[in-house]
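Here is what each chain is made of, one letter per residue.
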Amino acid sequence: MIQRFVRTLLGAAVATALIGSAAAQDSKVADELAKYREALADGNPADLFEVKGEGLWTEKRGPKNASLEQCDMGLGPGKLDGAYAQLPKYFKDTNKVMDAESRLVHCMVTLQGFKPEEVTKQWYSKPGKESDIEALITFIGAKSNGKPINVPATHPEEAKMAKMGEYIFYRRSGPQDFSCSICHGQEGKRIRLQDLGNLTTKEGAGFAMKTWPSYRVSQGAVWTMQRRLIDCMRQARWPEPNYLADSVIALETFLQKTATGTVMETPGIKR
Amino acid sequence: MKLKIALFGLLAAAVTGSALAEAPGGKFARDAEQMFRASFKAENPKYWMSRLDQDETMKTCGEYRDNPPRKVGEKLEKLNAATIRYPVDGKLIGDWKEGEKLAAVGTGGHIGFIQPDPAGRVRGGNCYACHELAKKELAYGTIGPSLKQFGKVRGGSEENIKYVYDKIYNSNAFTACTNMPRFGLHNWLTPEQITHIVAFLIDPESPVNKD
């Protein structure tokens, strides 16, 4: 129902945006897109996933018949307020820098007794096949709404991950010679009509990072940060990295470090 | 006296610091490369994985954050200029109507398991993703310069036609580490397809040069 409403809005907004006279088209298109985003913000279907995620968090599940309520997302067992905003971070118990998704999967394995391949099989949703991970991450992310992103990467392992993320950000390859920085290293650019953030600045990275996880209207699904970055690589015509791959976590660390201080507004809603 | 020396030292450090900005990844660059490579499924088709390979241009551009010193840039430009190949009939200007289609197509070449392009999907130059071209197309990007009225402004001399062909074939022959892909070098577009895009830019009848 909400989805259909949002789709109608999308159609109307895009139609209005495209009919605009050729004169002053750029500012007009920008205005219409801003209105469209405002209209979308009135009802975010991600709210439904957030409620579902809360249910999955508290429900006793898996071979160990346990809930996730004792999961340590970095602030101590069960402490979720602001946890998403300070990830990725180094975890002593796994000796790894982990993002929200790899940590959640770790908890589902250790607390609930699921096999890793079992819980990650449906890491993103397909039509008719919803993803528990998407719902849980929407819930966990929302618990950081209004909190500032805080990934100073002071631990040596975190600092190393941020540097490795920086390396990947500038690494060019593939049939289009792309790196992340080709599209996201300059101010005020757009691809077709889509504005591109400059992810090398606090403002640009902050704008990008504060709204994930986010409901993607065009996809009819919540996208997690892993999904977002893996799709960037698809757009660059590279192969897909594995879900929870270290290079994706490194990129997240680099971006969250750059975005540190920006206040979270999640779940977001996007085109 | 001591203060002066200290100040000079600070100044020198600041100047060298900015001139020799550390390459991305710093001392972890080698580790990062290994980690990146290890992030993909080993059983991916070989032609997928080969897309992660870097030639000298890609590697050098990354190291300098796409802003190489002029000397390094010149070397890359020479290297890339030597790769340019021409259609067998030597004709560098084709059919602007075909070029118009190729400029609009943004599909093709997506790989992976989640949302790959189906086999045989049309592959285009996707010029509008980054450039303004014909006036009627409002959904254009701004990563590249506006090419509206390109032929009208620059003219259709043999020299300009060759420049446009060469630029599309291998953009790095002119500007090392530019954002523009090297369409001919990577066989993304055939020499013949490139001649159509040349026509779209230069032909006086093309919508790029109308109005």
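From a predicted model like this one, the values you see are computed outputs, not experimental measurements.

Rules behind the numbers
Residues numbered from 1 in each chain as written. Chains lettered and ligands numbered in written order. Predicted model: local features only at pLDDT ≥ 70, side-chain atom pairs only at ≥ 80, totals over all residues. Heavy atoms only, no water. Helix = DSSP H or I, 4+ residues; strand = E, 2+ residues; numbered from the N terminus. Buried < 20%, exposed > 50% of the residue type's maximum accessible area, 1.4 Å probe, protein only. Contact = heavy atoms within 4.5 Å. Areas by Shrake-Rupley, 256 points an atom, 1.4 Å probe, with all protein chains shown as cover. Pairing = 2+ DSSP bridges. Axes fitted to C-alpha atoms, helices over the stretch in contact; angles between N-to-C directions. Core = buried A, V, L, I, M, F, W, Y, C linked by side-chain atoms within 4.5 Å. Arc of directions from axis to C-beta. Polar contact = N/O pair within 3.5 Å; in protein donor to acceptor, adjacent residues only side chain to side chain. Buried area = accessible area lost by both parts, 1.4 Å probe. Salt bridge = Lys/Arg side-chain N within 4 Å of Asp/Glu carboxyl O. Nonpolar A, V, L, I, M, F, W, Y, C, P; charged D, E, K, R; others polar. Parallel < 35°, antiparallel > 145°, perpendicular 65-115°, else oblique. Left-handed = near helix turned anticlockwise from the far one by under 90°.

Points about the overall build of chain A
A tally of helices and strands in chain A yields 11 helices and 7 strands. For chain A, the proportion of its 271 residues judged to be buried stands at 55%. Taking all contacts inside chain A whose residues are at least 6 apart in sequence as the whole, residues at least 24 apart take part in 67%. In the form shown here, chain A has an accessible surface area of approximately 11,600 Å², with 54% of it arising from carbon and sulfur atoms.

Some points on the sheet that holds strand 5 (residues 214–216) of chain A
All names here are of chain A. The sheet built from 3 strands is open, its strands ordered 6-5-7 with mixed pairing. The two strands at the open ends of the sheet, each matched to only one other strand, are strand 6 (221–223) and strand 7 (268–270). Looking at each pair of strands side by side, their axes are set apart by 35 degrees on average, direction ignored. Pairing analysis gives 3 bridges linking strand 5 to strand 6, with the strands arranged antiparallel. Paired with Tyr215 across the two strands is Val222, which belongs to strand 6.

Looking at the nonpolar core
By size, the foremost hydrophobic cluster in this structure holds 69 residues, and its most contacted members are Trp57, Met73, Tyr84, Leu104 and Ile140 of chain A. Setting aside its immediate chain neighbours within four residues, Tyr84 of chain A contacts Ala100, Ile137, Ile140, Gly141, Ser144, Trp212, Pro213, Met225, Gln256 and Met264 of chain A.

Some points on helix 6 (residues 96–104) of chain B
Residues and elements named next belong to chain B. Trp96, Gly99, Glu100, Leu102 and Ala103 are the residues of helix 6 that are buried. Down the axis of helix 6, the buried set is contained in an arc of 165 degrees. They therefore lie on one face. Looking at where helix 6 begins, the residue whose side-chain oxygen comes 2.9 Å from the main-chain nitrogen of Lys97 is Asp95.

A word on the interface of chain A and chain B
Tallying the contact residues gives 50 residues for chain A and 59 residues for chain B. Between chain A and chain B, the buried area comes to about 4,800 Å², and carbon and sulfur atoms account for 54% of it. Of all residues in chain A, Arg172, Arg192 and Arg237 of chain A give up the largest surface area on contact with chain B, accounting jointly for 17% of the area buried on that side. Put simply, chain A and chain B have 7 salt bridges between them. Looking at the side of chain A that touches chain B, the elements that each hand over two or more residues are helix 2 (25–41), helix 7 (156–170), helix 8 (180–184), strand 3 (189–191), helix 10 (225–235) and helix 11 (246–259) of chain A. For the side of chain A that touches chain B, the leading source of residues is helix 7 of chain A, giving 8 residues. For the side of chain A that touches chain B, the per-class residue count stands at 22 nonpolar, 12 polar and 16 charged.

With respect to the packing of helix 4 (residues 100–110) of chain A against helix 6 (residues 132–142) of chain A
Residue and element names in this part refer to chain A. Running from amino to carboxyl end, helix 4 crosses helix 6 at an angle of 115 degrees, the nearest separation of the two axes being 11 Å. Relative to helix 6, the element helix 4 is oriented roughly perpendicular. Where helix 4 crosses over helix 6, the handedness of that crossing is right-handed. Packed against helix 4, whose contacting residues are Ala100, Glu101, Leu104, Val105 and Met108, the element helix 6 presents Ile133, Leu136, Ile137 and Ile140 at the interface. Here the contact of helix 4 with helix 6 is composed, by residue class, of 8 nonpolar, no polar and 1 charged.

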